[in-house]
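Residues per chain are reported as follows:
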Amino acid sequence: MPISENLAAIIRDLPEGVELVAAVKTRTIKEIEEAINSGIKVIGENYVQEAEKHYTAIGHRPNWHFIGRLQRNKIKKAVSIFDVIETVDSYELAVEIGKCCQRIPKTISLLIEVNIARESQKNGVLPENATALIRRIADLSYIKVLGLMTMGPQVSDPEELRPYFRTMKKLFEQIDAMHVPGVEMRYLSMGMTNSYNVAISEGANIVRIGTKIFGPRAKT
Ligand SMILES: *Cc1c(COP(=O)(O)O)cnc(C)c1O
């Protein structure tokens with residue numbers, strides 16, 4: 001199916017207040033432009049180098065979210081492109097992001113990535129450490145914490161993710177209730193092609209979708 005039709009179907013069924021991020025890894029500039037012309041307002045990038053090419057061609061018409069693993073040597077470039085970095089999981093990373101933003105200067109929005117299923121190989125702060133991390137990051141300049149993000153484990157049935165999404169929402173509400181100065185719990189980013197409907201029903205207000213917009217990715 002063409003990107004425009006895929007997107008029309010997704011956008012039609014998306015509840016109000018839920019933001020759609022197009023996860024564009026491996027996609028061409030032409031495909032991304034088609035998505036933008038079909039209503040996409042936020043681009044999600046996994047790789048800074050790929051993002052740089054896309055950003056140079058497309059410019060700042062959409063918003064740009066970083067959703068991959070951010071390497072130290074890419075932070076400077078990343079903060080010049082992205083409006084939101086969704087994958088912050090350590091104080092040290094937040095400090096470096098803040099320093100690079102100070103040089104521009106700009107204030108960048110961050111989501112804290114949570115390893116909700118406590119998977120050993122996964123990025124993200126463990127849920128029990130999220131509160132302390134956010135309290136520390138809140139004191140930094142040039143950054144603003146706006147919520148939480150999670151990937152969740154790979155499962156065949158998205159219903160298996162429901163308890164994790166539910167725990168994320170509870171954590172989100174707990175942190176919100178702490179009223180940490182400088183922290184605003186506005187966004188809960190969870191759910192992808194196979195799981196976004198479950199995620200939305202458990203409180204996600206950002207979903208990150210690739211395959212359902214653009215079709216299957218070529219195996220690399
Ligand atoms: C690729 C990716 C997505 C989208 O995955 P699909 O299954 O293609 O929808 C969402 N979030 C992150 C972090 C990704 O890397």
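Up top is the structure.
Residues numbered from 1 in each chain as written. Predicted model: local features only at pLDDT ≥ 70, side-chain atom pairs only at ≥ 80, totals over all residues. Heavy atoms only, no water.

S.K.: When you look at the pairing of strand β5 (residues 108-113) in this model, what are you seeing that I'm missing?
M.R.: Of all 6 residues in β5, 6 are buried; the element is thus mostly enclosed. Side chains of β5 alternate between two faces, with Ile108, Leu110 and Ile112 and Ser109, Leu111 and Glu113 buried alike. Summarising the sheet, strand β4 (residues 84-88) and β5 pair through 3 bridges and their orientation is parallel. What sits directly across from Val88, in β5, is Ile112. Read as a crossover between parallel neighbours, the route from β4 over helix α5 (residues 91-103) to β5 is right-handed. When β5 meets strand β6 (residues 143-149), the two strands line up parallel, connected through 6 bridges. Bridge pairing links Glu113 to Met149 in β6. (Buried < 20%, exposed > 50% of the residue type's maximum accessible area, 1.4 Å probe, protein only. Helix = DSSP H or I, 4+ residues; strand = E, 2+ residues; numbered from the N terminus. Pairing = 2+ DSSP bridges. Right-handed = clockwise from strand over helix to strand, strands pointing away.)

S.K.: Teacher, can you tell me more about the nonpolar core here?
M.R.: Across soluble globular proteins, nonpolar side chains show a tendency to be buried alongside one another. Within the largest apolar cluster, 65 residues are counted, with the highest numbers of intra-cluster contacts made by Ile85, Ile97 and Leu148. Leu148 has contacts with Leu111, Ile112, Val114, Ile134, Met168, Leu171, Phe172, Ile175, Met185, Tyr187, Leu188 and Ser189, leaving out every residue within four places of it along the chain. (Core = buried A, V, L, I, M, F, W, Y, C linked by side-chain atoms within 4.5 Å. Contact = heavy atoms within 4.5 Å.)

S.K.: I would appreciate a short explanation of helix α7 (residues 162-178) in the present structure.
M.R.: For the α-helix, the turn length of 3.6 residues means that residues three or four positions removed from each other point alike. Between its first and last C-alpha atoms α7 spans 25 Å; for 17 residues at 1.5 Å apiece the expected length is 24 Å, and the two agree. Listed as buried for α7 are Phe165, Met168, Leu171, Phe172 and Ile175. The arc that holds every buried residue of α7, seen down its axis, measures 120 degrees, which confines them to one face. In α7, the exposed positions angled more than 90 degrees off the buried face are occupied by Lys170 and Ala177. Contacts from the buried residues of α7 go to α6 (127-137), β6, β7 (183-189) and α8 (196-201). (Expected span 1.5 Å × (residues − 1). Arc of directions from axis to C-beta.)

Any functional reading would require information beyond the geometric quantities listed.
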